[in-house]
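Read off the chains here:
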Amino acid sequence: MKDQKRATRYALATVAMWSTVASAFKLSLAHLTPLQLLLYSSLASCLTLAGVLAATSRLGLLRTFTRAQWRRSFLFGALNPFLYYTILFAAYDLLPAQEAQPLNYTWAITLSLLAVPMLGQKLRGRDVAALVVSYAGVVVIATHGEVLEMRFASPSGVVLALVSTVIWALYWILGAKDDRDPVAGLFANFLCSLPLTLLAVLCFSDLWPGSWPGLAGAAYVGVFEMGLAFVTWLTALKCAENAARVANLIFLSPFCSLLLIHFFVGEAIMPSTVVGLGLILAGLGVQRVGVRW
C-alpha cells in the first residue's frame, strides 16, 4: 500500500544510518585493517539480513534459487561486498573521512558513464554537465582547494575512492536484471563472498584483530550500512507515492555526515571539502533533472 508519510519516515531512517557510516568506517579502521573490517562487518550483515528474511517469512526463498542464481551470487559477492568494500575501506584508511565520503558520492556519475558502453545508452547534455561539475568537486577536495597547483594530498586514496565507484556502478549495472527478491539476493551475495573474504584475511591480515572496539565498529557497519539501511531504503521506495521526493532526501546524508565526522572523528572540516561536496551534489542534481520515476 502506498503511503508517502511512511515512505518518508523510512527514507529519513535510511539517511540517518548512512550519515553515521563514514564516521564508523574511520573509527573502526583505527583498530582493524580494511580486510578485517570487511570480514566481521560481512558476518554481521549476514546475520542481520537472515534475521530480516526470517522475520518476514522469506528465508525459504533461498531454497528456490537455481544453480545459475547461486553462481550469480558468487559473481556479485566478489564485486560487492568483497572488491567494493575492500577498496573503499582502503581509501578511508588513507584519506580523512571528510574526503573519502564525498568522493564516494560520485558513483552515480560513474554509473552513467559505464552505461554508455555496457548498456548502449547515450550521454545526454546534462550528463556531460553533471560529469564536469561533479569531478570539479573531486579536484577541489583532493587538492584541498589548491586547484591551480594540482597537488593531491593523497593520490592513492583518491584513486581508490574513485575506483570503488566503478565497482559499485558495475555491481548495479550487472544486477539490474536480477529478478530475485532483493533482500534474499543481497543475503546470498554476502554469504557467497565470505569464503573469498576469509581467504584474503588469512593471506594478507590477521584473523583475530584483538580489538573489541574494532569488532564493535565492524558490527555496527554490518548491521546498519550493509544490512538495515538497504532494507529501509527499499521499503521507502516501495511505499512512496512519489519516489523522486523520497530519493531527493539522500542529499541530506553527506552534510549530516560531515557534522558527525567533525564531532565523533575529530576532523576539522575544511572549506574545500564543503565546496567540493557542494559541486558533487550540484552535479548529481543536474543529472537528475527531468528524471521520471
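Described below are features of the structure shown in this document. (Residues numbered from 1 in each chain as written. Predicted model: local features only at pLDDT ≥ 70, side-chain atom pairs only at ≥ 80, totals over all residues. Heavy atoms only, no water.)

### Concerning the environment of Asp206
Basically, it comes down to this: Where helices and strands are cited, they refer to DSSP runs of H or I of at least four residues and of E of at least two residues respectively, numbered from the N terminus. Accessible area is worked out with a 1.4 Å probe on protein chains only. A residue is then buried under 20% of its type maximum, exposed over 50%, and partly exposed in between. Contacts are assigned to residue pairs with any non-hydrogen atoms lying within 4.5 Å of each other.
In this fold, Asp206 is placed in the loop between α8 (182-204) and α9 (212-239). Looking at Asp206, the relative accessible area reads 53%, which means it is exposed. Once the C-alpha coordinates of Asp206 and Pro102 are considered, the two residues, 104 residues apart in sequence, prove to be 30 Å apart. For Asp206, the residues in contact, after removing those within four places along its chain, are Gln36 and Val201.

### A few points about the layout of surface pockets
The line we're drawing: Of the grid points, spaced at 1 Å and generated over the protein atoms alone, those admitting a 1.4 Å probe that cannot get out make up cavities, while open sets with protein on both sides within 12 Å along at least five of seven lines make up pockets; any residue with an atom within 4 Å of a point is treated as lining. Grid points are joined across faces, edges and corners, and a volume is the space filled by probe spheres set on the points. Three classes are used, and their members are as follows: Ala, Val, Leu, Ile, Met, Phe, Trp, Tyr, Cys and Pro are nonpolar, Asp, Glu, Lys and Arg are charged, and the others, Gly among them, are polar.
In this structure, the second largest pocket encloses a volume near 250 Å³. Taken together, 12 residues make up the lining of the second largest pocket; nearest its centre are Arg58, Val231, Leu234, Thr235 and Lys238. Elements supplying a minimum of two residues to the lining of the second largest pocket: α8 and α9. Residue composition of the lining of the second largest pocket, by class: six nonpolar, one polar and five charged.

### A closer look at helix α12 (residues 271-288)
Residues separated by three or four positions in an α-helix point in the same direction, a consequence of the helix having 3.6 residues per turn. Our working definition: A helix is expected to reach a length of 1.5 Å times the quantity of its residues less one. To obtain the arc, one takes the directions from the helix axis to the C-beta atoms.
In this model α12 runs 26 Å from its N-terminal to its C-terminal C-alpha over 18 residues, within 8% of the 26 Å that 1.5 Å per residue would give. Within α12, the full set of buried residues consists of Ser272, Thr273, Gly276, Leu277, Ile280, Leu281, Gly283, Leu284 and Gln287. Buried residues in α12, looked at end-on, bunch into an arc of 160°, giving them a common side.

### What about the side chain of Ser205?
As a reminder, the rule being used: Under the rule applied, a polar contact is a pair of N or O atoms within 3.5 Å (in protein, one hydrogen donor and one hydrogen acceptor; residues adjacent in sequence only if both atoms are side-chain atoms).
Mapped onto the elements of the fold, Ser205 is located in the loop between α8 and α9. Within the structure, Ser205 has its side chain in polar contact with the side chain of Thr33 (distance 3.0 Å).

### Some points on the packing of aromatic side chains
Inclusion rule: Two aromatic rings from Phe, Tyr or Trp, using only the six-membered ring of Trp, form a pair when their centres are within 6.5 Å; if the ring planes differ by under 30 degrees the pair is stacked, by over 60 it is edge-to-face, and anything between is tilted. For a lysine, the NZ atom is tested; for an arginine, the CZ atom; a charge sits over a ring if that atom is within 6 Å of the ring centre and within 35 degrees of the ring normal.
As enumerated under the stated definition, the model contains 14 aromatic pairs in all. Taking 5.9 Å as the distance between ring centres and 80° as the angle between the ring planes, the aromatic pair formed by Phe76 and Tyr171 counts as edge-to-face. Placement of the pair is Phe76 in helix α3 (residues 67-94) and Tyr171 in helix α7 (residues 155-174), with a sequence separation of 95 residues. For Phe76, a relative accessible area of 3% gives the class buried. Here Tyr171 and Trp172 contribute two aromatic rings whose centre-to-centre distance is 5.7 Å and whose plane-to-plane angle is 80°, an arrangement assigned as edge-to-face. On the accessibility criterion, Trp172 (37% relative accessible area) is partly exposed. These aromatic residues form a ring-pair network of at least three members: Phe25, Phe76, Tyr84, Tyr85, Phe89, Tyr92, Trp107, Trp168, Tyr171 and Trp172. One Lys or Arg, Arg180, reaches over the ring of Phe65 and ends 5.0 Å from the middle of that ring.

### Quick word on the side chain of Ser45
Relative to the elements of secondary structure, Ser45 occurs in helix α2 (residues 34-55). Classification of Ser45 as buried rests on a relative accessible area of 0%. Setting aside residues up to four positions removed in sequence, Ser45 forms contacts with Phe190, Gly222, Met226 and Gly227.

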